[in-house]
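Here is how the chains run, residue by residue.
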Amino acid sequence: CPIDELVDEVEKRVRLTLLLPWLETRFHEGLEDPSLHNALAKIYIDINNNPQHFLMTNKFYDSEVVGKYCESRDPHMAFI
């Protein structure tokens, strides 16, 4: 199952944090898929797990996707 499809389905059910261990494993394997990094950014923002550091050091997430997500969650993060 492609990461983006899985993340979309789980996000619809507001259960994205359930995927955190699996996503972090893919991250540590070195995957550069933007869907993976977008999902991690969303989770880190929701659980406040040092999201500023992730957003400033990660070059693989899509800033437009994550920025739109942040608008309703934490508008300050939308500008990082």
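Residues numbered from 1 in each chain as written. Predicted model: local features only at pLDDT ≥ 70, side-chain atom pairs only at ≥ 80, totals over all residues. Heavy atoms only, no water.

*Asks:* Give me the overall build of the protein chain: which residues, what numbers.
*Replies:* Check the secondary structure of the protein chain and you find 5 helices and 0 strands. In the protein chain, the succession of α and β elements from N to C terminus is α-α-α-α-α. Over its C-alpha atoms the protein chain spans a radius of gyration of 12 Å, differing by no more than 12% from the 12 Å that the globule rule assigns to 80 residues. The principal-axis extents of the C-alpha atoms in the protein chain amount to approximately 30 × 25 × 20 Å. Taken across its 80 residues, the protein chain has 36% of its residues classed as buried. Taking the contacts inside the protein chain whose residues are at least 6 apart along the sequence as the reference set, 42% of them involve residues at least 24 apart. Counting every atom, the protein chain has about 5100 Å² of accessible surface; 51% of that belongs to carbon and sulfur. With 8 positive and 14 negative side-chain charges, the protein chain shows a separation of 4 Å between the mean positions of the two kinds. (Helix = DSSP H or I, 4+ residues; strand = E, 2+ residues; numbered from the N terminus. Rg over C-alpha atoms; globule rule 2.2 N^0.38 Å. Buried < 20%, exposed > 50% of the residue type's maximum accessible area, 1.4 Å probe, protein only. Contact = heavy atoms within 4.5 Å. Areas by Shrake-Rupley, 256 points an atom, 1.4 Å probe, with all protein chains shown as cover. Lys, Arg positive; Asp, Glu negative; His and termini not counted. Charge placed at Lys NZ, Arg CZ, Asp CG, Glu CD.)

*Asks:* Requested: an account of the packing of helix 3 (residues 34-47) against helix 5 (residues 63-73), with residues and values cited.
*Replies:* Where helix 3 contacts helix 5, the two axes come as close as 10 Å, and the packing angle between them is 20°. Taken together, helix 3 and helix 5 sit at an angle that is classed as roughly parallel. The way helix 3 lies across helix 5 gives a crossing that is right-handed. Across the interface between the two elements, Asn38, Ala41, Lys42, Ile45 and Asp46 from helix 3 touch Val65, Val66, Tyr69, Cys70 and Arg73 from helix 5. Of the residues contributing to the contact of helix 3 with helix 5, the split by class is 6 nonpolar, 1 polar and 3 charged. (Axes fitted to C-alpha atoms, helices over the stretch in contact; angles between N-to-C directions. Parallel < 35°, antiparallel > 145°, perpendicular 65-115°, else oblique. Left-handed = near helix turned anticlockwise from the far one by under 90°. Nonpolar A, V, L, I, M, F, W, Y, C, P; charged D, E, K, R; others polar.)

*Asks:* Tell me about helix 5, and please be specific about residues and values.
*Replies:* What helix 5 keeps buried is the set Val66, Gly67, Tyr69 and Cys70. Viewed along the axis of helix 5, the buried residues span an arc of 165°, placing them on a single side of the element. Facing away from the buried side of helix 5, by more than 90 degrees, are the exposed residues Glu64, Lys68, Glu71 and Ser72. Where helix 5 is buried, its residues meet helix 1 (3-12), helix 3 and helix 4 (51-57). Its side-chain oxygen placed 3.0 Å from the backbone nitrogen of Glu64, Asp62 serves as the N-cap of helix 5. (Arc of directions from axis to C-beta. Polar contact = N/O pair within 3.5 Å; in protein donor to acceptor, adjacent residues only side chain to side chain.)

Note that all results are geometric; they support no functional claim without further evidence.
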